[in-house]
Amino acid sequence: MDYEKATSLTAMFFDQAARLSERPFLFTKHDGLWEPLTWGEVARRVNRVARGLRALGLADGDRVLLLSENRPEWLIADLAIMSAGGVTVPAYTTNTVNDLLHLLNNSGARFAIGSGKGLAERVMIASLQAAIPPQVIVMDTAGVHQNPGVELHEWSALMALGEAAPDTVAERVAATKRGDLACLIYTSGTGGTPKGVMQSHGAIIVNCMGANQLLLELGLGQERFLSFLPLSHAYEHTGGQFFPISLGAEIFYAEGIDQLGANMAETNPTIMTAVPRLYEVMRTRILAGVERAGGYKAKLFHRAVALGTKRYEGTRLSPLEWIENLALNLLVRRKVGKRFGGRLKALVSGGAPLNYDVGTFFIALGVRLLQGYGQTEAGPVISCNQPSRIRLRTVGPPMKGVEVKIAEDGEILVRGELVMLGYWNDPAATANAIRDGWLHTGDIGVLDEDGCIRITDRKKDLIVNSGGDNVSPQRVEGYLTLQPEIAQAMVYGDRRPHLVGLLVPAADTALVWAKERGKPGDLEFLVTDPDFRRYIGDAVDRVNRELSGIEKVRRFAMTAEAFTVTNEMATPTLKIRRHAILAKFGKTLQDLYEDKRG
C-alpha cells in the first residue's frame, strides 16, 4: 500500500478488494463456526448499498447516522456511505434516544441506519422526534406491523434497490479527495455537549501510514485482527477497521467481551488494539486463575513476572537468574502466549493512559504491549511506543506524518494531515482548538531526549478513565457538594476503572446528626464512625442516581480537614487545588481501589 498516493479511504478499499478478491476478509461466528466474506463479496455489497442510498435520494455531503454492534454490515455501511458521497456519523450502541436525537439534529442527518431490533427501535424513536426526520434503514428485519411514522427501508431491500440503480460508484470514488470529509465522530458529552469532530479521508490514511511504519519491524504479512472495541470509537474506526484494510488483513468480529478470551484462542490474532481497561481486566483474570491454581504453578508465574519486570526495568540478571528466566519462557510465558492465540505480535493500548504496573505485567510475561497517545481530533493516533523500544512511562515518539511541539505553557501541540477539519457547525470551538495550524491538545507534557512524549498533566480538568471515557470532575463534584451533608469533594479516577471520592462533611449538618444520636459532634470522630459513614453514603447514593455509569462514585473516603487557602488546598476563589490534595491524600484515594468494604 502506497499511503502517500492513496486518494481516499474508499479508493484504498476498492484497490485492495480488486487485488485480493477471492481472499477471506470479514469473519463472524455462526453456529459455532467462523464464516468469512471475501474481499470481492464485501466490495459488491458496498457497491450495492452505495447505489441504493443514492437511489433513495442521498446527495453529496449528506450525513448518515450509523448505529450497530461490530459486524460486517458496519464496515459495509460505513464504506457505502462514503462511496455514495455521504458522511458517516457513528453512534454508540449505548447511546440513549436523547443522545441519538442530539446527533441527528446537530449533524442534520438525512438517513439513519440501525441494526438489531433494540437499536433500530431507538433510531426510529429518535428519528420521530428529530427536527428533520431522516429515512431509516434497518439491517435486520424491522418486525413492525405498521409504519411508525418515518420512511422505513430494510437492508435487503436497499441492496436490491442498489442492484437495479445506475452504477456511478467508481466515478464518485475517483472524485473523492484526501481532504474531503469522511466522518463526523462525536466527542464524549460528559464534559459538555458532544461536538462532531470532522475527520478527513487523509487524516485516517496518514494514521494508517504511521501505524504501518511503526509495526514494520515486526514483519507485517498475513495479519489478523480481532475487533471488539466499538467501531463508533475513533480508535477502533481507524486502528481496527481502516488500518487492517490498508494491510489487506483479515478482521474477525468478536462475540462480545465475555467471549473475548475464547475468541482470541480460536482466531489467533496477530495484532490487537484495546483500551487500558481491557488489559486491567485481563490481568485481574489471569492473576485470579493463578491464585486458584496455587502451589508450584503460582510460584513459577510470580517468579516469571518478577524476573521479567527486572529485565524490562534494566536491572542485570545474575547468571543463575538468567538461566531461571530462560526456563520460565517455556514453563510460563509460552503458555501465556497461547492464551492470546499463539500468533500475537503486539497489543496496542490507546484511548486512555495505561497504568505502568499493568504494562510491565504483560511485558514481563513476554507479551509485547505498546502504549499510544491521541485524541479524536487527531485521526486519532499521535504517537506510540516502538516495538523495539518500549518505554511505558512515555507514549512514544510522534508517528510518521505527525509534527509535535511543546508550547510555552507546556501544552502539547500537534500539526499535520491528521488534524481534524474542525468541529461541525462550531467555528468558535474550532478556532479555540486549532490556532495557526496547530491542534491544542489540552495535555501538558515534554519531549524527552529520545523524542518521546511524556504526558505530565492535563490542561483541561478532565479525568480519562481506563476505558477511555472522559469525565468532568467538576460536574460530579458539583452534584456532591449540592448535598447538605457534603461541604467539599474531590473525585479521582484517571487511568482507573471507576471514580472514587474524597469528601469533607458539612460541619453544621454533621453536628445536628450527632446531637440527634447522642454522639460527639467532633468531625475528627465522626469521619471514623460507621453510622455516620452510612449517612454520608446515602447522600452519595442520591447523587449517583442522577449520574451516568462512568460518572458514579463507587467508593469514598472522608476527611475532617477542609480544603482552604491556608492549607493551600483551595484557591482564593474556592476552587480546589487537585495536585495539593493528591499530594496529601493520594494514598487514601488509591487505597479505595483495594478496599472492598464500601
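Residues numbered from 1 in each chain as written. Predicted model: local features only at pLDDT ≥ 70, side-chain atom pairs only at ≥ 80, totals over all residues. Heavy atoms only, no water.

(A) Spatial organisation of empty space enclosed by the protein. Scanning all chains against the criterion turns up one cavity of 30 Å³ or more. Size it by volume and the largest cavity reaches roughly 30 Å³. The wall of the largest cavity is formed by Phe 225, Leu 226, Ser 227, Glu 236, Gly 240, Met 272 and Thr 273. Elements with a contribution of two residues or more to the lining of the largest cavity: strand E10 (224–227), helix H9 (234–247) and strand E12 (271–274). Counting residues per element, the lining of the largest cavity draws most heavily on E10, which supplies three residues. Looking at the lining of the largest cavity residue by residue, the classes come out as three nonpolar, three polar and one charged. (1 Å grid on protein atoms, 1.4 Å probe; cavity = no way out; pocket = protein on both sides within 12 Å on 5 of 7 lines; lining within 4 Å. Points joined across faces, edges and corners; volume = space filled by probe spheres on them. Helix = DSSP H or I, 4+ residues; strand = E, 2+ residues; numbered from the N terminus. Nonpolar A, V, L, I, M, F, W, Y, C, P; charged D, E, K, R; others polar.)

(B) A look at the pairing of strand E25 (residues 499–505). The buried fraction of E25 amounts to seven of the seven residues, a majority that puts the element mostly inside the structure. Of the two faces of E25, the one lined by Leu 499, Gly 501, Leu 503 and Pro 505 and the one lined by Val 500, Leu 502 and Val 504 are each fully buried. Note that E25 and strand E26 (residues 553–558) share five bridges and pair parallel. Pairing of Gly 501 across the sheet is with Phe 556, part of E26. (Buried < 20%, exposed > 50% of the residue type's maximum accessible area, 1.4 Å probe, protein only. Pairing = 2+ DSSP bridges.)

(C) The arrangement of the layout of surface pockets in detail. Empty space within the second largest pocket amounts to approximately 490 Å³. Contributing to the lining of the second largest pocket are 19 residues, with Arg 333, Ile 363, Gly 366, Val 367 and Arg 368 lying nearest its centre. If one sorts the elements of the lining of the second largest pocket by residue count, helix H13 (residues 319–339) sits on top with six residues. For the lining of the second largest pocket, the class distribution of residues is nine nonpolar, six polar and four charged.

(D) A look at the sheet that holds E25. Strand order in the open sheet made by the three strands is E24-E25-E26, with mixed pairing throughout. The open sheet has two free edges, formed respectively by strand E24 (486–492) and E26, since each of these has just one partner strand. The sheet shows a mean angle of 30° between the axes of neighbouring strands, direction not considered. Where helix H19 (residues 530–544) meets the sheet, its contacts fall on E24, E25 and E26, and the angle it forms with E26 comes to roughly 145°. (Axes fitted to C-alpha atoms, helices over the stretch in contact; angles between N-to-C directions. Contact = heavy atoms within 4.5 Å.)

Keep in mind that these numbers describe shape and distance, not what the molecule does.
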